[in-house]
Amino acid sequence: MYLSQEKSIMPSRLLACLIAFAIFLLFSSSLSLIQFVPNSFIPMSVLHLILVNNTSISPTPTAKPNLVALPTPNAKAPTSLIDKSTTKRCDKDRALLRVYMYDLPPEFHFGLLGWKGVKANQTWPSLPGAKRLPSYPGGLNLQHSVEYWLTLDLLASNDGNVARPCSAYRVKNSSDADVIFVPFFSSLSYNRGSKQRRHGRQNDMVLQGKLVEFLQGRLEWKVSGGRDHLVVAHHPNSMLFARKKLGTSMFVLSDFGRYDTKIANIDKDVIAPYKHMVRTIPPAASASFDQRPTLVYFQGAIYRKDGGVIRRELYYLLKDESDVHFAFGSVGRNGVSNAGKGMASSKFCLNIAGDTPSSNRLFDAIASHCVPVIISDEIELPFEDVLDYSEFCVFVPAADAVKKGFLLNLLRGIKEEEWTKMWGKLKEKSLHYEYQYPSQSNDAVDMIWKTVARKKMPTRLKDHRRNRYSRSRLKDE
């Protein structure tokens, strides 16, 4: 009797063991897929069944990833809208944007920094294992150093040992590229070469002439008419000679203040942030509402031409207010350090139009978590197609700002609760304006590449622009 019972039990035990072993194999293989094939698709229902009994992994995320909310034009998000996190594995098949970069001679890029290759005819500095990168000049030069950071990032994209986002990857063949990058340090060329002369001409003008000749002689330019070329001209006065000849290309600019709309416009071009000059305030060290005794802060040039005339009018309206700091200032005599301290102890920081619609002051304010007050009717803002600036900035039309009492009444009407919400958003979004090497997911370099990739996609730019003056309109009513 006991023998027959034992015989009947053994097959059941064997079957149970086989089922348990099969589940273990399924679980192990699924984890391997997740770890080693980042872009593979495993239905969430299957993952839930696999992981539901694993107490170390929850089927429902407990925290949202720090991603930019991108618009999805179709019901199923295209691959190009999926965020690529910081990774060491990147290739042309995984990259959001495949970029071909011309091997221009060093005189157009790192040669302007005084760099010389150790090998004959060396075009680029060797990044793998480099203890020190070619440094960009300091002072005000840094604010327009966009070209430097983008070039470094492309060079690093081919180095499997550098952890960076897979938003842009440098391909070796232009036929594989989505966009063609022109590595000309045009802002530095203007800052340094516009006063130096070569054969009776400015060095900057000579380089621009050489660049135009090079590009117009390339098959890639002739085939596309330059429309797939990316040219960085962040300083408002850079590429003065070449911009008309290269106007079909996609420019990376600080604003459109000195451009004809036929040459540069928001439909085809990219607005990039300035590199801020003040020290970045860590979120945990950022002063709260009660710890910022100054209501309004502005330090800079007051007498400006064109749209900047408003600075002088505001100076005379605000200079005698006890809770307002409105003063002349410069980068000399610890000016940047003092400005950083002043902004970090102020609730609101004015960003007023100067000779051009934009200035570095906006990005200094963001780095200091001082709520920006933007008084510049023609300003274009970086990444506004995915960022709603009304969440962390106050926009005031220039015509209203110069009305006696309007500006201070508006800002004093923003109480601690509302200000704290904007302050929280500033701390959350400030990474988008940081230039660094290697780049990080959703920092300034990464956001620029993503903006380039979105140029042919539907965006929410118009919606976000409509929100700019929501606070000042309410005040006016």
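Residues numbered from 1 in each chain as written. Predicted model: local features only at pLDDT ≥ 70, side-chain atom pairs only at ≥ 80, totals over all residues. Heavy atoms only, no water.

Quick notes on the layout of surface pockets
So, point 1. Taken as a whole, the largest pocket encloses approximately 870 Å³ of empty space.
So, point 2. For the largest pocket, the lining is made up of 34 residues, of which Leu 140, Gln 143, Ser 359, Asn 360 and Arg 361 are closest to its centre.
So, point 3. Those elements that provide at least two residues to the lining of the largest pocket are β9 (294-299), α8 (335-344) and α9 (361-368).
So, point 4. Counting residues per element, the lining of the largest pocket draws most heavily on α8, which supplies five residues.
So, point 5. When its residues are assigned to classes, the lining of the largest pocket shows eleven nonpolar, 17 polar and six charged. (1 Å grid on protein atoms, 1.4 Å probe; cavity = no way out; pocket = protein on both sides within 12 Å on 5 of 7 lines; lining within 4 Å. Points joined across faces, edges and corners; volume = space filled by probe spheres on them. Helix = DSSP H or I, 4+ residues; strand = E, 2+ residues; numbered from the N terminus. Nonpolar A, V, L, I, M, F, W, Y, C, P; charged D, E, K, R; others polar.)

Focus on the pairing of strand β6 (residues 229-232)
Consecutive side chains of a regular strand alternate in pointing toward one face of the sheet and then the other.
So, point 1. Neither face of β6 is exposed, since His 229 and Val 231 on one face and Leu 230 and Val 232 on the opposite face are all buried.
So, point 2. Looking at chain direction, strand β3 (residues 179-182) and β6 are connected through three bridges and run parallel. By the bridge assignment, Val 182 is partnered in β6 with Val 231.
So, point 3. Note that β6 and strand β7 (residues 250-253) share three bridges and pair parallel. Bridge pairing links Val 232 to Val 252 in β7. (Buried < 20%, exposed > 50% of the residue type's maximum accessible area, 1.4 Å probe, protein only. Pairing = 2+ DSSP bridges.)

A word on the pattern of salt bridges
So, point 1. Under the defined criterion, the tally for this structure stands at 19 salt bridges.
So, point 2. For Arg 164, the salt bridge identified is with Asp 153, shortest N-O distance 2.8 Å. With Arg 164 in the loop between α3 (146-156) and β2 (168-171) and Asp 153 in helix α3, the pair connects residues that are eleven residues apart, well separated along the chain. Like Asp 153, Arg 164 is buried. (Salt bridge = Lys/Arg side-chain N within 4 Å of Asp/Glu carboxyl O.)

As for the sheet that holds strand β11 (residues 346-352)
So, point 1. Ordered in space as β10-β9-β11-β12-β13, the five strands form an open sheet in which the pairing is parallel. A single partner strand is all that each edge strand has here, and the edge strands are β10 (324-327) and β13 (394-395).
So, point 2. Seen against the sheet, helix α7 (residues 309-318) touches β9, β10, β11 and β12 (371-375) and runs at an angle of roughly 135° to β10. (Contact = heavy atoms within 4.5 Å. Axes fitted to C-alpha atoms, helices over the stretch in contact; angles between N-to-C directions.)

With respect to the packing of aromatic side chains
So, point 1. Scanning the model with the defined rule gives 23 aromatic pairs in all.
So, point 2. Ring pairing ties together the aromatic residues Phe 110, Trp 115, Trp 124, Tyr 136, Tyr 148, Trp 149 and Phe 185, which thus form one cluster.
So, point 3. Across from the ring centre of Phe 289, 4.7 Å away, lies the NZ or CZ of Lys 347, which sits over that ring. (Phe/Tyr/Trp six-rings, centres within 6.5 Å; stacked < 30°, edge-to-face > 60°. Lys NZ or Arg CZ within 6 Å of the ring centre and 35° of its normal.)

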